[in-house]
Amino acid sequence: MWGILSQFGMVSARGEFNRAQAALRRVTIAERDLGSFTDEQLLRESSSLRYRAKCGDALDALLPRAFALVRETAGRQLGMRHYDVQIIAGTLLARGCLAEMATGEGKTLSAALPLYLHALSGNGAHLATANDYLANRDAEWMRPIFAALGLSVGVIQSDMLPDQRRAAYACDVTYGTAKEFGFDFLRDRLLGSEHGLLNTGFHNHGEHRAAQFVQRDLNYALVDEADSILIDEARIPLIISQFESASSAKLTAVSKWAADIVGRLEQTTDFVLDPEISTFRLTPAGRELIRRFPKPSTLAGIPVSDLYHSVEQAILVHQRFRREQQYVIQDGEVVIVDEFNGRIANGRRWRNGLHQAIEAREGLAISPVSSSAAQLTTQELFLRYNCWAGMSGTLLPAAREINSVYHRPTVAVPLNRPCQRSHWPDQVFLTAAEKWTAIVEEIRTVSQQGRPVLVGTRSIEKSAHLSQLLDQAGISHQVLNALHVRSEAERIASAGQQGQVTVATNMAGRGTDIGLGPGAAELGGLHVIGTELHESPRIDRQLSGRAARQGDPGSDRMFLSLDDEILEAGFGKEQSAKLRAAAQKRKDTRGLASLFRSAQHQVEKRHAGQRRQLIQSALRRQDQLEQLGLDPFLEVEEDASIALS
Ligand SMILES: Nc1ncnc2c1ncn2[C@@H]1O[C@H](COP(=O)(O)OP(=O)(O)OP(=O)(O)O)[C@@H](O)[C@H]1O
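Quick notes on the rules
Residues numbered from 1 in each chain as written. Predicted model: local features only at pLDDT ≥ 70, side-chain atom pairs only at ≥ 80, totals over all residues. Heavy atoms only, no water. Helix = DSSP H or I, 4+ residues; strand = E, 2+ residues; numbered from the N terminus. Buried < 20%, exposed > 50% of the residue type's maximum accessible area, 1.4 Å probe, protein only. Areas by Shrake-Rupley, 256 points an atom, 1.4 Å probe, with all protein chains shown as cover. Arc of directions from axis to C-beta. Pairing = 2+ DSSP bridges. Axes fitted to C-alpha atoms, helices over the stretch in contact; angles between N-to-C directions. Phe/Tyr/Trp six-rings, centres within 6.5 Å; stacked < 30°, edge-to-face > 60°. Lys NZ or Arg CZ within 6 Å of the ring centre and 35° of its normal. Core = buried A, V, L, I, M, F, W, Y, C linked by side-chain atoms within 4.5 Å. Contact = heavy atoms within 4.5 Å. Parallel < 35°, antiparallel > 145°, perpendicular 65-115°, else oblique. Left-handed = near helix turned anticlockwise from the far one by under 90°. Nonpolar A, V, L, I, M, F, W, Y, C, P; charged D, E, K, R; others polar. Salt bridge = Lys/Arg side-chain N within 4 Å of Asp/Glu carboxyl O. pLDDT = per-residue confidence, 0-100. Polar contact = N/O pair within 3.5 Å; in protein donor to acceptor, adjacent residues only side chain to side chain.

Comments concerning the overall build of the chain
For the chain, the count of helices and strands is 23 helices and 23 strands. For the chain, with 645 residues in total, the buried portion stands at 55%. Carbon and sulfur atoms make up 50% of the accessible area of the chain, which totals about 26,800 Å².

Now the structure itself:
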């Protein structure tokens, strides 16, 4: 099977692409007679494929007929017949490659091909998307294809009870989020360990499956938005926590005290930045100050090392954390905003007292610290499947990193129709204020031409700022900031109407199609404005990819200013201040755009190195524990910095 293939190292990207092209030719031949089949005959044909798969026929041999059946059925049921490039994508995904498909090229329909093929064996095929809304939407969209071919479809939603989950996993094809697949895996393992069922091997639950387990064997997983799961979230483990409430009164007291005094500490004298681990450390003078500060009686008995730790977390929060940027407050609780995709990460919590430090700063009730009972990262989860593959609009920039960690090629799928996006030259400004003014002017000009405009910002705070400027300029617009996934996905779908202006945090609505409204294509299509470079160029590409989908016209432009965070992140405080001063003296920003890109490149390089190390050491640790006969997912390290509970 192909899972084996991937373990032994795959063919190169070019080789995989050639294979996929050859598969396309085989599919074209295999579908010749299907047009004359009745729906019942198609269903019968599907049953015979399932029989062959269950008897152990190689999936490679079944692929042409299987894909031909799905293509024909999609045409009949949904009025969408797979394009040739989608058959190529389907083949790559069935073989366990990472496939880059530009935004709007129809990943959802392509995914139905490998899901169908791998589900034929009866062992299940999972599609992992980013949120519940997309899981449900894609499942309902594709269900008629699978149903017509005799396959059942299940959906996992985060509020489901175990019985409902078990039923969804029992289906041939299951849509859900990576997070839910991971938590179900962990909960099953915890259950298994209670019942002593997991000490005979770690690959799958195998024959020792308890009746209470919700998942079946991990057969095939297709990961949507794979770059975000495999790279951006590589450091974020899924954790099932147990709350420790005993110490909560002391924790509340120390967190509040630290938040109160943090403003009185001076950088350099009292604390310094430790660049290695991007955190702040108290200096000996700072520590002495902490010891001397007057303390309320509630702090009595708290070890001084705990005081230092809480103060260091409070410093980190004070220096680096901004409301509406890294987190928002919802119903009196701190809710993390995922900086990579701008989405609300419900249920995720910072660890090591950081979450409590933020609650203290915001004057909220301090939540108890949790200890972990089981943990895994989502990419560890996917490595447990017999075969897994991934797709995204922005994988190529990460191809080398993916190959070095996961040992599989990333292949670019050609566009169905040539891209008609025009890339307008970057504009660089001396100050952020000048930049925002120019952005408002561009929005006005382009939207007055009747073209829809989408503006991406790096934070909810900046979206709000721009919205205010647009109000002042009398430009009507909608703001999306990923707080309400479902309604926003619907609203972003309307962002292509003539003259519509939409301001969104970079990834609000990722995965949702922006179709052009009537007449908008004739006027030039969607214009996308980037207001600042993100630390990852993939996120910028996702944004610009919103324009000019599926052969539509469109354009994009990036606005930059010397105040942008990326310069400091890339070149450091001193160097970027010098650059700023020199440009301000010259009063000239020409030729500076490439500087921003190289700052971005520096940041990306640094992050990639850190991620590679982390992932490799996590995988090594897992191997070692397994060799010792221990369950790596239940042997939890206590220093994970971020958690989902
Ligand atoms: N073979 C096809 N024939 C006709 N329309 C198609 C076909 N494939 C996809 N589409 C249409 O293309 C649009 C984009 O599809 P989809 O949302 O799956 O794109 P995507 O690649 O997932 O984009 P994103 O990167 O935003 O997630 C949809 O409106 C879909 O109906």
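Re helix α16 (residues 399-406)
Taken as a whole, α16 has its buried residues at Ala399, Glu401, Ile402, Val405 and Tyr406. Summarising the axial view, the buried residues of α16 lie within an arc of 160°, below the 170-degree limit, and thus occupy one face.

With respect to the sheet that holds strand β5 (residues 220-223)
Taken together, the 7 strands give an open sheet; going across it, the order is β3-β4-β2-β5-β14-β1-β15, and neighbouring strands pair in parallel fashion. The open sheet has two free edges, formed respectively by β3 (153-155) and β15 (410-412), since each of these has just one partner strand. Neighbour to neighbour, the strand axes of the sheet diverge by 20° on average, direction disregarded.

A word on the sheet that holds strand β10 (residues 333-337)
Taken in spatial order, the 3 strands of this open sheet run β9-β10-β11, and their pairing is antiparallel. The open sheet has two edge strands with one neighbour each: β9 (327-330) and β11 (344-345). In the sheet, β9 pairs with β10 via 4 bridges, with the strands oriented antiparallel. Directly across from Tyr327, in β10, lies its bridge partner Ile336.

Topic: unusual backbone geometry
The backbone of Thr268 sits at a positive phi, close to 75°, despite the residue not being glycine. Relative to the helices and strands, Thr268 is located in the loop between α11 (248-261) and β7 (271-274). A positive phi angle is found at His407, which is not glycine, with a value near 55°.

A short note on the packing of aromatic side chains
The full count for this structure, using the stated rule, is 5 aromatic pairs. Arranged with centres 5.7 Å apart and planes meeting at 80°, the rings of Phe271 and Phe280 form a pair that is edge-to-face. With a relative accessible area of 2%, Phe271 lands in the buried category. Pairing Trp388 with Tyr406 gives two aromatic rings, centres 5.7 Å apart and planes at 80°, and the pair type is edge-to-face. Taken together, the residues span a long stretch of sequence, with Trp388 in strand β14 (residues 387-392) and Tyr406 in helix α16 at a distance of 18 residues. Above the ring of Trp388, the side-chain terminus of Arg408 is found at 4.2 Å from the ring centroid. Here the guanidinium or amino end of Lys435 rests over the ring plane of Trp436, the centre of that ring lying 5.5 Å away.

A look at the nonpolar core
Within the largest apolar cluster, 59 residues are counted, with the highest numbers of intra-cluster contacts made by Leu115, Tyr116, Leu117, Phe146, Tyr175 and Leu222. The element that contributes the greatest number of residues to this core is helix α4 (residues 59-78), accounting for 9 residues. For Tyr116, the residues in contact, after removing those within four places along its chain, are Ser46, Leu49, Ala66, Leu69, Val70, Phe146, Leu149 and Leu151. Core analysis: the next-biggest nonpolar cluster, separate from the first, contains 33 residues, Leu186, Leu190, Ala226 and Leu230 among them.

Observations concerning the environment of Ala53
Here Ala53 shows up in helix α3 (residues 39-54). Of the residues examined, Ala53 reaches a relative accessible area of 8% and is grouped as buried. The spacing of Ala53 and His118 is 65 residues in sequence and 8.9 Å in space, taken between C-alpha atoms. Every residue in contact with Ala53, bar those within four places of it in the chain, is listed here: Leu62, Leu120 and Ser121.

Concerning the packing of helix α5 (residues 84-94) against helix α6 (residues 107-119)
In a pair of packed helices, the angle between the axes and the distance between the axes together describe the arrangement. Running from N to C, α5 and α6 cross one another at 40°; their axes reach a closest spacing of 8 Å. Looking at the two axes, α5 sits oblique to α6. Once α5 is placed against α6, the crossing between them reads as right-handed. Facing Gln86, Ile87, Ala89, Gly90, Leu93 and Ala94 of α5, the residues of α6 in contact are Leu109, Ser110, Leu113, Pro114, Leu117 and His118. Grouping the amino acids of the contact of α5 with α6 by side-chain chemistry returns 8 nonpolar, 4 polar and no charged.

Focus on the environment of Gly591
Assignment of secondary structure puts Gly591 in the loop between α22 (573-586) and α23 (593-627). In sequence terms Gly591 and Asp426 are 165 residues apart; their C-alpha atoms lie 10.0 Å from each other.

Some words on the packing of helix α12 (residues 284-292) against helix α13 (residues 304-320)
Two numbers describe how α12 lies on α13: the axes approach to 10 Å, and their chain directions differ by 115°. Between α12 and α13, the crossing angle belongs to the class labelled roughly perpendicular. By crossing handedness, the relation of α12 to α13 is classed as right-handed. Note on element contacts: α13 touches α12 through Val304, Leu307, Tyr308, Val311 and Glu312, opposite Arg287, Ile290 and Arg291. The residue inventory of the contact of α12 with α13, partitioned by class, reads 5 nonpolar, no polar and 3 charged.

Observations regarding the pattern of salt bridges
Counted by the stated rule, this structure contains 31 salt bridges. With a closest N to O distance of 2.9 Å, Arg52 and Asp57 form a salt bridge. Since its relative accessible area comes to 28%, Asp57 is described here as partly exposed. With a shortest N-O distance of 2.8 Å, Glu180 and Arg165 are connected by a salt bridge. One end of the pair, Glu180, is in helix α9 (residues 178-194); the other, Arg165, is in helix α8 (residues 162-170), with 15 residues separating them in the sequence. The class for Arg165 is buried, based on a relative accessible area of 5%. Three or more residues are tied together by salt bridges with common partners; here these are Glu31, Arg71, Arg81 and Asp84.

Here's the deal with the confidence of the model for the chain
Of all residues in the chain, 86% attain a pLDDT of 70 or more, and the chain-wide mean is 85. The least confident element of the chain is strand β23 (residues 642-644), whose mean pLDDT is 31; the most confident is β3, at 98. Below pLDDT 50 for its whole length, residues 1-9 participates in 15 contacts with residues either more than four positions away or in separate chains. Low pLDDT, under 50, characterises residues 637-645; the predicted model gives this stretch 41 contacts beyond four residues in sequence or across chains.

Describing the pairing of strand β18 (residues 453-457)
Of all the 5 residues making up β18, 5 are buried; the element is thus mostly covered by neighbouring parts of the structure. Burial along β18 is two-sided: the residues Val453, Val455 and Thr457 and Leu454 and Gly456 are all buried. Pairing between β18 and strand β21 (residues 526-530): 4 bridges, direction parallel. Opposite Val453, over in β21, you have His527 as the bridge partner.

Remarks on the side chain of Thr531
Along the chain, the position of Thr531 falls in the loop between β21 and α20 (537-544). Separated by 2.7 Å, the side chain of Thr531 and the backbone oxygen of Gly456 make a polar contact.

Here we look at the pairing of strand β2 (residues 125-129)
A large share of β2 lies buried, amounting to 5 of its 5 residues. Of the two faces of β2, the one carrying Ala125, Leu127 and Thr129 and the one carrying His126 and Ala128 are both buried. Relative to strand β4 (residues 173-177), β2 is paired through 5 bridges, and the arrangement is parallel. By the bridge assignment for β4, His126 is matched with Thr174.

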